[in-house]
Amino acid sequence: MMDRNNGKEVTQHTHSCGNASPAVEIDSGSGFCFGVTTAIRKAEEELANGGTLYCLGDIVHNSMECERLKKLGLVTINHDEMERLRNVKVLLRAHGEPPETYAMAERNGIEIIDATCPVVLQLQRRIKSQYDAHGEAQIVIFGKPGHAEVLGLVGQTQGSARVIAHFDDVKTLDFSRDIYLYSQTTKSLDEFHRIIDYIQCHISPDATFRSFDTICRQVANRMPNVSSFASRHDLVLFVCGRKSSNGRVLFNECLRINPNTHLIEGPGEICDEWLHGAATIGICGATSTPKWLMEECMQKILNGEQG
């Protein structure tokens, strides 16, 4: 049935579990973000035309969605494998890539299908512009070292940008020099503002400090939304690939609000014992979690406690 909850349309169903009939709700705010949706749509459109399409890295941090697209013909490759390819089509996922990847494609006659998220693309351009204008300053990126998006951002500075993963890392900066601070689009707003406050308190009066809030609001807004969702249910199933950074952050928030939260990659990981005594069951996920996968998890519950 369709219900209205906190101004959002949600899907709820019930099933029999012993004598109880818990309501099962899929969070309407969970699922692919705009950038991931666009990348997958571009891949599907290219694959529908026939021929081989390569994707540089997993198109999304969800193994089941990657497997679905693999069956349609998408071939996932790494940078070393791309270097050996000639005259083919390669899709760049939403995370974006550094300039070196585009140069490689041009050398090898590779046609790029660019699915870089517009938010990430704008951030890349801002960092490159800042680097070109103030190459001597410290360009600092709050992000996960080695993450595909962060590698693309650092690439705009010819590898010179500093990456800080956590608040404590800010203490390693040189506060006597100018600092220009950016953030990976999916990082925590709260931690980003803590970093800003610390730099403002420690920067030399003779140095310039500027910060740029480059966190994607579509992703950032999911934190309070998922908190509210988790608080409404006896049991929460967070559906997410274990490689998803965004998923880990959102799962931990669910767990903080509702200790009866479990991270699963798919319906096969649902344990029957979890369902006992739960009057309401909430199913939510990350920006890399497809809706169809959350729906399969719901169907597993609706079909009863089958091992």
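The coordinates are above.
Not measured: the values here are computed from a predicted model.

1. Here's the deal with the overall build of the chain
If you tally the helices and strands in the chain, you get 12 helices and 14 strands. Burial analysis of the chain (307 residues in total) assigns 51% to the buried set. In the chain, the proportion of contacts linking residues at least 24 apart, taken out of those at least 6 apart, comes to 67%. When the accessible surface of the chain is summed, it comes to about 14300 Å², and 49% of that surface belongs to carbon and sulfur atoms.

2. Overview of unusual backbone geometry
The residue Asn87 is not glycine, and still its phi comes out positive at about 55°. Considering the arrangement of structural elements, one finds Asn87 in the loop between helix H3 (79-84) and strand E6 (89-92).

3. Quick notes on the layout of surface pockets
Roughly 590 Å³ of internal volume is contained in the largest pocket. Around the largest pocket, the lining is made up of 24 residues, and of these Thr186, Lys187, Ser188, Met223 and Val249 lie nearest the centre. Mapped by element, the contributors of at least two residues to the lining of the largest pocket are helix H7 (189-202), helix H8 (217-220), helix H9 (222-231) and helix H10 (245-257). Of the residues forming the lining of the largest pocket, the biggest block, five residues, is contributed by H10. Across the lining of the largest pocket, the residue classes tally to eight nonpolar, eight polar and eight charged. Taken as a whole, the second largest pocket spans an internal volume of roughly 280 Å³. Forming the boundary of the second largest pocket are 17 residues, of which Arg93, Gly146, His147, Ala148 and Leu151 lie nearest the centre. Those elements that provide at least two residues to the lining of the second largest pocket are helix H4 (99-107) and helix H6 (148-154).

4. Re helix H12 (residues 291-302)
For H12, with 12 residues, the first-to-last C-alpha span of 16 Å sits near the 16 Å given by 1.5 Å per residue. Looking at H12, one finds that the buried residues are Leu293, Met294, Cys297, Met298 and Ile301. The buried residues of H12 occupy one face: seen down the axis, they fall within an arc of 145°. Downstream of H12 by a residue or two, Gly304 has a phi angle that is positive, lying close to 100°.

5. Observations regarding the side chain of Ser183
Locating Ser183 in the fold gives a position in strand E10 (residues 179-183). Residue Ser183 is classed as buried on the basis of its relative accessible area, which comes to 0%.

6. As for the nonpolar core
Judged by nonpolar contacts, the single largest core of 19 residues is most densely connected at Val170, Leu173, Ile179, Leu181, Ile195 and Ile199. Of all the secondary structure elements, the ones that give two or more residues to this core are strand E8 (138-142), E10 and H7. With five residues, the top contributor of residues to this core is H7. Leave out the neighbours within four places in its chain, and Ile195 touches Phe142, Ile164, Phe167, Val170 and Leu181.

7. Details of the environment of Pro98
Assignment of secondary structure puts Pro98 in the loop between E6 and H4. Residues Pro98 and Gln218, 120 residues apart in the sequence, show an inter-C-alpha distance of 24 Å.

8. Observations concerning empty space enclosed by the protein
Taken as a whole and judged by the stated rule, the model has one cavity of 30 Å³ or more. If you add up the space inside the largest cavity, you get close to 350 Å³. Residue assignment for the lining of the largest cavity shows that the elements contributing at least two residues are helix H1 (34-48), helix H5 (118-133), H8 and H10. In terms of residue count, H1 provides more of the lining of the largest cavity than any other element does, four residues in total.

9. Concerning the sheet that holds strand E7 (residues 111-114)
Read across the open sheet, the four strands follow the order E5-E4-E6-E7; overall the sheet is parallel. Because the sheet does not close on itself, it has two edges, and the strands there are strand E5 (74-77) and E7. Strand-to-strand twist in this sheet, taken as the mean axis angle between neighbours without regard to direction, amounts to 35°. As judged from the four bridges shared by strand E4 (residues 53-56) and E5, these two strands associate in the parallel manner. Counted as the bridge partner of Leu53 is Leu74 from E5. In the packing of H1 onto the sheet, the strands contacted are E4, E5, E6 and E7, and the crossing angle to E6 comes to about 165°.

10. So, the pairing of E7
Pairing of E6 with E7, which is carried by four bridges, proceeds in the parallel orientation. Directly across from Lys89, in E7, lies its bridge partner Glu111. Note on the crossover from E6 through H4 to E7: the handedness is right-handed.

11. Things to note about the sheet that holds strand E9 (residues 162-164)
Paired through backbone hydrogen bonds, the strands of a sheet run either parallel or antiparallel to each other. Strands sit in the order E9-E8-E10-E11 across an open sheet of four strands; the sheet is parallel. Each edge of the open sheet is held by one strand with a lone partner, namely E9 and strand E11 (209-211). The average undirected angle you get between the axes of adjacent strands in this sheet is 20°. Pairing of E8 with E9, which is carried by three bridges, proceeds in the parallel orientation. Among the inter-strand pairings, Val140 is bridged to a residue of E9, identified as Arg162. Packed onto the sheet, H5 meets E8 and E10 and runs at close to 170° relative to E10. Most of the contacts of H7 go to E10, to which it runs at about 175°, and overall it touches E8, E9, E10 and E11.

Criteria and thresholds
Residues numbered from 1 in each chain as written. Predicted model: local features only at pLDDT ≥ 70, side-chain atom pairs only at ≥ 80, totals over all residues. Heavy atoms only, no water. Helix = DSSP H or I, 4+ residues; strand = E, 2+ residues; numbered from the N terminus. Buried < 20%, exposed > 50% of the residue type's maximum accessible area, 1.4 Å probe, protein only. Contact = heavy atoms within 4.5 Å. Areas by Shrake-Rupley, 256 points an atom, 1.4 Å probe, with all protein chains shown as cover. 1 Å grid on protein atoms, 1.4 Å probe; cavity = no way out; pocket = protein on both sides within 12 Å on 5 of 7 lines; lining within 4 Å. Points joined across faces, edges and corners; volume = space filled by probe spheres on them. Nonpolar A, V, L, I, M, F, W, Y, C, P; charged D, E, K, R; others polar. Expected span 1.5 Å × (residues − 1). Arc of directions from axis to C-beta. Core = buried A, V, L, I, M, F, W, Y, C linked by side-chain atoms within 4.5 Å. Pairing = 2+ DSSP bridges. Axes fitted to C-alpha atoms, helices over the stretch in contact; angles between N-to-C directions. Right-handed = clockwise from strand over helix to strand, strands pointing away.

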